[in-house]
Each structure stands twice: as C-alpha cells, then as structure tokens.
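If you want the building blocks of each chain, they are given just below.
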Amino acid sequence: MFRYLLCSFTLVLLYPTAIDLYLVGLPQIAADLNATESQLHFAFSIYLIGMATTMLIAGKVADSIGRKPVAITGAAIFAVSSIFGGIAEHSTPFLIARFIQGIGAGSCYVVAFAIIRDTLDDIQRAKVLSMLNGITCVIPVIAPVIGYLIMLKFPWSSLFIMMAVMGGVVCLLSLLVLKETKPNKLVVINGIHPDRHAVQESFFERFFISRLIMTSLGVMTILTYVNVSPLLIMGEMGFDRSEYSTIVAGTALVSMITSFSAPFALSIFKERTLLLASQILFALSAVVITLTLISNFDNQLYLLSFVLICAGFAIGFGVSMSQALSPYSARAGMASSLLGITQVSCSALYIWLMSALGVNALNMLLTTLIIGSVISLALILLIPKHSHGQKYEKITSPA
C-alpha cells in the first residue's frame, strides 16, 4: 500500500510545483522575455489549458492499458518541457513549453487519483485525499523559499531545471516502484454481468455533476489566489520578495496543518459538516476583503482572508473529491480526468476572462469567493451524499 501512496503523492506534486516554484521569478522572467503582465497571466492559464487538453485522453488510456504507462510518459514529458522552458529566450517558446508542461502534469494528476480510487475504500480515500492535499501544500511552503534561495545566485532558468529534476525523479519512481493497479477482472454480484459495469457508471448522475462543480469552484478559488498573490502581496501590500515567500509559506502551512487534521475531523464529524465548514470559510474570506475595501482598514487584513481561503480549501477538497470518485471503479481514470479537466478549465477560463476584462487582482479573487461559496453551499444542501449500491467487486493487479 505504501508504494501506491508514495507514487500517487509524487505524481500529484508535479502539478503545483510548476505553479509555485517559478512565481518568485516572475519579474525577472517578464523582463528577460519582454512579457507584459497579461502575458504572465496567460502563462499561468496556458499551463492549465495544457493539463485540460490531455486529461481526457490520459484517463481513457489509463482505463484501457493501465495507470503505469501514463504515469511514466507524463513525468517524462514534464521533465523535458521544463528544460525547454528554462532555455526559452522569447515569450512564444516559453508559453509553448508551459503548455507542454501542463500536458505532462495533467497525465500524472489523472493517474494519481485513479490509483487512489483503485486501492482504497470510501473511508480511507476521503482521509488519504485530505492528507494528499496537505502534502501538496508542502510545495507552496517550500517552493517560494527554494525559488528565492536559487535566485540569490542563479537566473530564473534554474527554477525550471529544478522542475525537470523533479519530473525525472517521479518518472523513475513510476518506472521502478509503481505497480499496475488497473482493475483487470470484475466479479459478478447480484447477477449482473461485468461487461455492463462500465456502461452503468454514468457521468450524468446529478450527484457526480454537483461534486464536479464544487471541486471545480474550489480549485478555481485556490488557483486564483495563487495567481494573484504576487500582485497583491508584493504590489498592493508593498512586501518585498523575501516577505512574499514568508507569507505564502505561512498560508500554505495553514493549509497543510488543516489538511492533516481533516482525517481526524472525519472521525468526529460527518462529511457534510466539513463541506459546509469549508464554504463558510470561503464566505468569511469574502466578507473580510469586502469590509477592508469599503472601510479603508489596513490592507494587511487581507492576510486574514488568505488564511481563510487556504483553510477552507484544505477542509473541503479531499472530501468532495472522494465523494465524486466514489461511484466509479471500472471508469476511475475517466472520472479523474473529467474532474481534472473541469477544474483546470474553469480556473484557466476564469483567470483569462477576468484579465481580458481588466479586473484587478483583488476583485478577481473576491468574485470567485462569492460565486464559489454561494453555489457550493446550495449544492451541499440540495444534493447530499447518497449511498451507491455496489454491484461489483474489482480484483486489481498484484500489490
């Protein structure tokens, strides 16, 4: 079991690494590539677009030929594209490299969640996904600090070399440690033939759609925060790069602690309670930002709203993802890919649209907090979790 968790965690880590590690180098990247602020926003979005364009294919391939080949290929693509991103001298090749990075990260992201769905039951999965979110939060804690230290003596291209090294390590783990988990046999239960299993696992159930929307809004909120945080913290709030790294590390630490606490909270509270709590924290963050704006309070109060965002996402994401994946075994790869595609597509589209409309960073964040919390609260209350009758048991490849 440990090998599956280790590989799943490292596969997922590629996704935030390509976001958080290079943020501290944005001013230098913009200067060297003659890029504008809008192009930097687009570099963020095009990475997510790269993830979205490959996830459906990756999920289908993972369900057809296995999780391991997709993991190895995705990590290799990530490593090679990171090298090309680091040696880019103009904005166009840099954007192309970011797009291909997204392809590699998206493939790994899909496989990671499919592996977790293959190997864990509902209760274990909700706890592990919460812990996974906590481990993922290690990257925002460590990446800005590492990036800052690297850029004290080396150019920004070194940040992408670091990403390439991490991609290579994940590729080796997938090759040497990961064992295949794709279900290769389904046992008939209640007299229903296994060939009909995949057909019955429909993605048009309203429960799946509701959790698809909830997780997408949650990811859109946290990615909007990550994207605008340099502009808010170093621009509007006046902190320098070192202070920015410290603040981001602190808020990510809140996410990590909250995520690791979630498995214990699940032993005490119902999943619905944690989901409601996460959206209430998002709503409170919106209230803090609004009051600070209209009352001319010290803008450092925005830091409180950032803490609430990170805690809200950490509490709810693992639970909502587990609920979304719960009905699927034969189509776990496709379910993971649909979730991932919607999450990154909504995030990329929202950030691009707000940038195109000229919405400033703070209002961009406030808007997603309000929209996300209102819609998600409604979905939690109107479409609670229901039990899915399990007609099949799967037999996976040898552990």
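A. Focus on the overall build of the protein. Along the backbone of the protein there are 15 helices and two strands. Here the protein, with 399 residues, has 57% of them falling under the buried criterion. Within the protein, contacts between residues at least 6 apart in sequence are counted, and of these 87% link residues at least 24 apart. Carbon and sulfur atoms provide 70% of the accessible area of the protein, an area that totals close to 16000 Å².

B. Examining the packing of helix α12 (residues 271–295) against helix α13 (residues 302–325) more closely. Taken N-terminus to C-terminus, the directions of α12 and α13 make an angle of 155°; their axes are 8 Å apart at the nearest point. The angle between α12 and α13 falls in the class roughly antiparallel. When you trace α12 past α13, the crossing you get is left-handed.

C. Expanded view of the packing of aromatic side chains. Here the structure, examined in full by the defined rule, presents 11 aromatic pairs. Seen from their ring centres, Phe203 and Tyr328 are 4.9 Å apart, and the 35° between their planes marks the pair as tilted. With Phe203 in the loop between α9 (197–200) and α10 (206–236) and Tyr328 in the loop between α13 and α14 (332–356), this pair connects stretches of sequence that are 125 residues apart. A residue is classified by how much of its surface remains accessible, and Tyr328, at 1% relative accessible area, is buried. With a centroid separation of 4.8 Å and an interplanar angle of 25°, the aromatic rings of Phe313 and Phe317 are classed as stacked. One end of the pair, Phe313, and the other, Phe317, are both in helix α13, four residues apart, so they sit about a helical turn from each other. Grouping residues by exposure puts Phe313 and Phe317 together as buried. Pairwise contacts between aromatic rings join Tyr22, Phe94, Trp156 and Phe160 into one cluster. Over the face of the ring belonging to Tyr22 we find Arg98, whose NZ or CZ atom lies 4.3 Å from the ring centre. Over the ring of Tyr47 we find Arg98, and its NZ or CZ is 4.6 Å from the ring centre.

D. Focus on the environment of Lys60. Among the secondary structure elements, Lys60 is positioned in helix α3 (residues 37–64). Taking the relative accessible area as the measure of exposure, Lys60 reaches 51% and is therefore exposed.

E. Geometry of the confidence of the model for the protein. Looking at the protein, pLDDT values average 84 and 90% of them are 70 or higher. Under a pLDDT of 50 for its full length, residues 186–199 has, in the predicted model, 26 contacts with residues more than four places off or in other chains.

F. Expanded view of α13. In a regular helix each residue adds 1.5 Å, so 24 residues correspond to 34 Å; α13 covers 34 Å between its end C-alpha atoms and thus fits that length. At Gly316, α13 shows its strongest bend, of approximately 30°. Of all 24 residues that make up α13, 21 are buried, and the element is covered over most of its length.

G. The arrangement of the packing of α10 against α13 in detail. Where α10 meets α13, the closest approach of the two axes is 9 Å, and the angle between their N-to-C directions is 155°. Taken together, the axis directions place α10 and α13 in an arrangement best described as roughly antiparallel. Crossing hand, α10 versus α13: left-handed. A per-class count over the contact of α10 with α13 returns 16 nonpolar, five polar and two charged.

H. Expanded view of the pattern of salt bridges. One pass over the structure, following the stated rule, counts two salt bridges. Among the charged side chains, a salt-bridge network with shared partners connects Asp63, Arg67 and Asp118.

I. View of the nonpolar core. Among the nonpolar cores identified, the biggest contains 105 residues, and Tyr15 and Tyr22 are the most heavily contacted of them. Top contributing element to this core by residue count: α10, with 12 residues. Once residues lying within four places of it in the same chain are set aside, the contact partners of Tyr15 are Tyr47, Leu48, Met51, Ala105, Tyr109, Val219 and Leu223.

J. Representation of a nonpolar patch on the surface. A surface patch of nonpolar side chains, amounting to about 630 Å² of accessible area, comprises Val80, Ile83, Phe84, Ile87, Ile161, Val165 and Val169. Elements with a minimum of two residues in the nonpolar patch: α4 (67–86) and α8 (157–176). Examined against the element boundaries, Ile161 turns out to sit in helix α8.

Quick notes on the rules
- Residues numbered from 1 in each chain as written.
- Predicted model: local features only at pLDDT ≥ 70, side-chain atom pairs only at ≥ 80, totals over all residues.
- Heavy atoms only, no water.
- Helix = DSSP H or I, 4+ residues; strand = E, 2+ residues; numbered from the N terminus.
- Buried < 20%, exposed > 50% of the residue type's maximum accessible area, 1.4 Å probe, protein only.
- Contact = heavy atoms within 4.5 Å.
- Areas by Shrake-Rupley, 256 points an atom, 1.4 Å probe, with all protein chains shown as cover.
- Axes fitted to C-alpha atoms, helices over the stretch in contact; angles between N-to-C directions.
- Parallel < 35°, antiparallel > 145°, perpendicular 65-115°, else oblique.
- Left-handed = near helix turned anticlockwise from the far one by under 90°.
- Phe/Tyr/Trp six-rings, centres within 6.5 Å; stacked < 30°, edge-to-face > 60°.
- Lys NZ or Arg CZ within 6 Å of the ring centre and 35° of its normal.
- pLDDT = per-residue confidence, 0-100.
- Expected span 1.5 Å × (residues − 1).
- Bend = angle between axes of the 7 residues up to and from the residue.
- Nonpolar A, V, L, I, M, F, W, Y, C, P; charged D, E, K, R; others polar.
- Salt bridge = Lys/Arg side-chain N within 4 Å of Asp/Glu carboxyl O.
- Core = buried A, V, L, I, M, F, W, Y, C linked by side-chain atoms within 4.5 Å.
- Patch = residues over 30% accessible without salt bridge, like charges linked within 9 Å, V, L, I, M, F, W, Y side chains within 5 Å.

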